Amino acid sequence: MKIVCIVALYHPDPKELYEISRYIDDTDQMFLMDDSETSNQHLISECLGDFAGKCSYIWNERNIGLCASVNRGITYALENGADWILLMDQDSAFQTNILSAFRNHIKIHETEAICALAPQYNYDRHKRQPYRGTKLLKWANMSGTLLNAGLLKSIGKFDERLFIDGLDVEWCTRARSKGYQIIEVGEAVLYHHPAFTKEFSLKNKVLFRYGWDKPSRYYYQFRSYWYIIKKYHDVESIKWFLVKLCKVLLLFEHKREYIRMFIKGVRDANRGNWGKI
């Protein structure tokens, strides 16, 4: 069983590259796919030079989008005989050895209908600890997910119209529509960093925490979710679309700019305007 890892890079820093170095040896091969506007070859050589025989750095020469960059990495992985493909963001890190947990699951379970194995995602507003067992998911985040390479011919790669957000949701929805399963492995836990965390307080007491990002990022999210809703009429996607809109209306400052991005995102999805904003 050959596991090839694809790491999506965009202006990586030495700390992030150090975290990547900690799990390179758990993979059979790694491709670093860099969407930065300038090459980071020198930094990669400095931080990961000891792994040159296993780790390949690919600079895309421009920001082609997360989706297209990962798809390019998947092509390299398939050409190099991958049985399973691990996808990682540069700012994710192993809390437990997720590849060991995934390998153990594959050894003792039938995987013909499993398109992806996913970890739990541990972050400041979503604390998680390992548990024994598994859970059937509707979708998983891209980072930390292990794709069954043998099923990609049937399912396809990521939909490049989605550029940066929603690619994992669309792919998982498409895979489920074909009868495949996404399985969470309880002993696999990943440190993850989705958006920035803000707090809602009342009388100096924190009532809850929520994710925040800039208006341009919400543009991509609204555009992607609207596309997914129109394509699949998926109830979960409708729910998350409404949750994000309610966050904007109830919790965010500068609502006018976010609402402008909401309208533009929906309009561009309807008109088929993709790529960068």
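Everything here concerns the structure above.
Now for a quick tour of the structure. Not measured: the values here are computed from a predicted model.

### Overview of the overall build of the protein chain
Looking only at helices and strands, one finds nine helices and eleven strands in the protein chain. The globule rule puts the C-alpha radius of gyration for 277 residues at 19 Å, and the 19 Å found for the protein chain is close to it. Taken along the three principal axes of its C-alpha coordinates, the protein chain extends 50 × 45 × 45 Å. Relative to its 277 residues, the protein chain shows a buried fraction of 52%. At a minimum sequence separation of 6, the contacts of the protein chain that also span at least 24 residues come to 78%. For the protein chain, the accessible surface area stands at approximately 13800 Å², while carbon and sulfur atoms represent 51% of it. Seen as two clouds, the 39 positive and the 33 negative side-chain charges of the protein chain have centres 8 Å apart.

### Section: helix α8 (residues 235-251)
At 3.6 residues per turn, the α-helix brings residues three or four places apart onto the same side. In a regular helix each residue adds 1.5 Å, so 17 residues correspond to 24 Å; α8 covers 24 Å between its end C-alpha atoms and thus fits that length. The set of residues buried in α8 consists of S237, F241, K244, L245, K247 and V248. What you see down the axis of α8 is that its buried residues fit within an arc of 150°, all on one side. For α8, exposure combined with an orientation more than 90 degrees from the buried face picks out V235 and L250. The elements touched by buried residues of α8 are α6 (167-177), β11 (205-212), α7 (215-232) and α9 (255-271).

### Describing the environment of R161
One can find R161 in the loop between α5 (152-155) and α6. For the pair formed by R161 and R256, sequence separation is 95 residues and the distance between their alpha carbons is 26 Å. Filtering out sequence-adjacent residues up to four positions away, R161 remains in contact with R223, Y227, K231 and W274. In terms of polar contacts, R161 uses its side chain to reach the side chain of D159, at 3.1 Å. Of the polar contacts made by the side chain of R161, one reaches the side chain of Y227; its length is 2.8 Å.

### Considering empty space enclosed by the protein
The probe, sized like a water molecule, is rolled over the atoms to show the empty space still left. One pass over the full model with this rule turns up one cavity of 30 Å³ or more. Approximately 40 Å³ is the volume found for the largest cavity. In terms of lining, the largest cavity is formed by A140, N141, M142, T145, L147, F158, D168, W171 and C172. Sorting elements by how many residues they give to the lining of the largest cavity places α6 first, with three residues. Broken down by class, the residue content of the lining of the largest cavity amounts to six nonpolar, two polar and one charged.

### Digging into the environment of K205
Note on placement: K205 falls in strand β11. Linking K205 and F102, residues 103 residues apart in sequence, is a C-alpha distance of 40 Å.

Rules used in this analysis
Residues numbered from 1 in each chain as written. Predicted model: local features only at pLDDT ≥ 70, side-chain atom pairs only at ≥ 80, totals over all residues. Heavy atoms only, no water. Helix = DSSP H or I, 4+ residues; strand = E, 2+ residues; numbered from the N terminus. Rg over C-alpha atoms; globule rule 2.2 N^0.38 Å. Buried < 20%, exposed > 50% of the residue type's maximum accessible area, 1.4 Å probe, protein only. Contact = heavy atoms within 4.5 Å. Areas by Shrake-Rupley, 256 points an atom, 1.4 Å probe, with all protein chains shown as cover. Lys, Arg positive; Asp, Glu negative; His and termini not counted. Charge placed at Lys NZ, Arg CZ, Asp CG, Glu CD. Expected span 1.5 Å × (residues − 1). Arc of directions from axis to C-beta. Polar contact = N/O pair within 3.5 Å; in protein donor to acceptor, adjacent residues only side chain to side chain. 1 Å grid on protein atoms, 1.4 Å probe; cavity = no way out; pocket = protein on both sides within 12 Å on 5 of 7 lines; lining within 4 Å. Points joined across faces, edges and corners; volume = space filled by probe spheres on them. Nonpolar A, V, L, I, M, F, W, Y, C, P; charged D, E, K, R; others polar.

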